[in-house]
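# Secondary and tertiary structure notes
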Amino acid sequence: MKKYLYASLFFAVALLAGCSKTEPEPEPAEQVIGTYNVDKITESIKYASAASEISETISLPIKGNGYELTAVLDVAKKASNIVTIAFVQTVKYTNGQTEKDSDAFDSIELKKVEGTSDYEMLDTGVKIGTIGNNTITFENVSNDKDSLGRAYTYTFRMTGKKSI
């Protein structure tokens, strides 16, 4: 009888040891919050009547004669899948002065991109970028007409990497 009791106890312990606790996946906002150093800014304009677009990309930081310009995107949690993004541009002068300019984007929804660890960032249902794997792409696309009535699409895009 002892033999069966020991065998049963051994089997029960083996079953319990084989079970592992899986930790729940952190909320989307928890996975992406932090400061992202902007490394590129691209501005593009594409006229509806043109075959190609005009585009210019600058790399950050920009070091000029007597100053250095940097930019960050600060991502903060507002709810489990909602973040606020603050764009902060800083100019540091060699004389010690500093100027900051900022803009905030509130209530950005995060939506999982299937098959990846990335999230789409949505502003009132419109995709404005992606975030995940310690990188961010943020873009603003607008359509307008110039003074001559020509239709065009303007794109402002920032990319960055999370500072660790």
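Here the structure is shown first, and the text comes after it.
To keep things clear, this report deals only with the structure shown in the data block. Since we're looking at a predicted model, the values are computed, not measured.

### Some details on the side chain of Ser-44
Locating Ser-44 in the fold gives a position in strand β1 (residues 34–47). Ser-44 gets classed as buried once you look at its relative accessible area, which sits at 5%. A polar contact is formed between the side chain of Ser-44 and the side chain of Ser-55, at a distance of 3.0 Å. Discounting residues that sit within four places of it in the chain, Ser-44 has contacts with Glu-53, Ile-54, Ser-55, Thr-153, Tyr-154 and Thr-155.

### What about unusual backbone geometry?
Leu-60 connects to Pro-61 through a cis peptide bond whose omega is 0°. By secondary structure assignment, the location of Pro-61 is in the loop between β2 (54–59) and β3 (62–64). In this model, Ser-107 sits at a positive phi of 55°, which is unusual for a non-glycine residue. As for its placement among the helices and strands, Ser-107 is situated in strand β6 (residues 98–112). One non-glycine residue, Asn-133, lies in positive phi territory at about 55°.

### A closer look at the environment of Asn-133
By the element assignment, Asn-133 lies in the loop between β8 (126–132) and β9 (135–145). For the pair formed by Asn-133 and Lys-162, sequence separation is 29 residues and the distance between their alpha carbons is 8.7 Å. Sequence-distant contacts of Asn-133, that is, excluding residues within four places in its chain, are made with Ser-117 and Asp-118.

Rules of the game
- Residues numbered from 1 in each chain as written.
- Predicted model: local features only at pLDDT ≥ 70, side-chain atom pairs only at ≥ 80, totals over all residues.
- Heavy atoms only, no water.
- Helix = DSSP H or I, 4+ residues; strand = E, 2+ residues; numbered from the N terminus.
- Buried < 20%, exposed > 50% of the residue type's maximum accessible area, 1.4 Å probe, protein only.
- Polar contact = N/O pair within 3.5 Å; in protein donor to acceptor, adjacent residues only side chain to side chain.
- Contact = heavy atoms within 4.5 Å.

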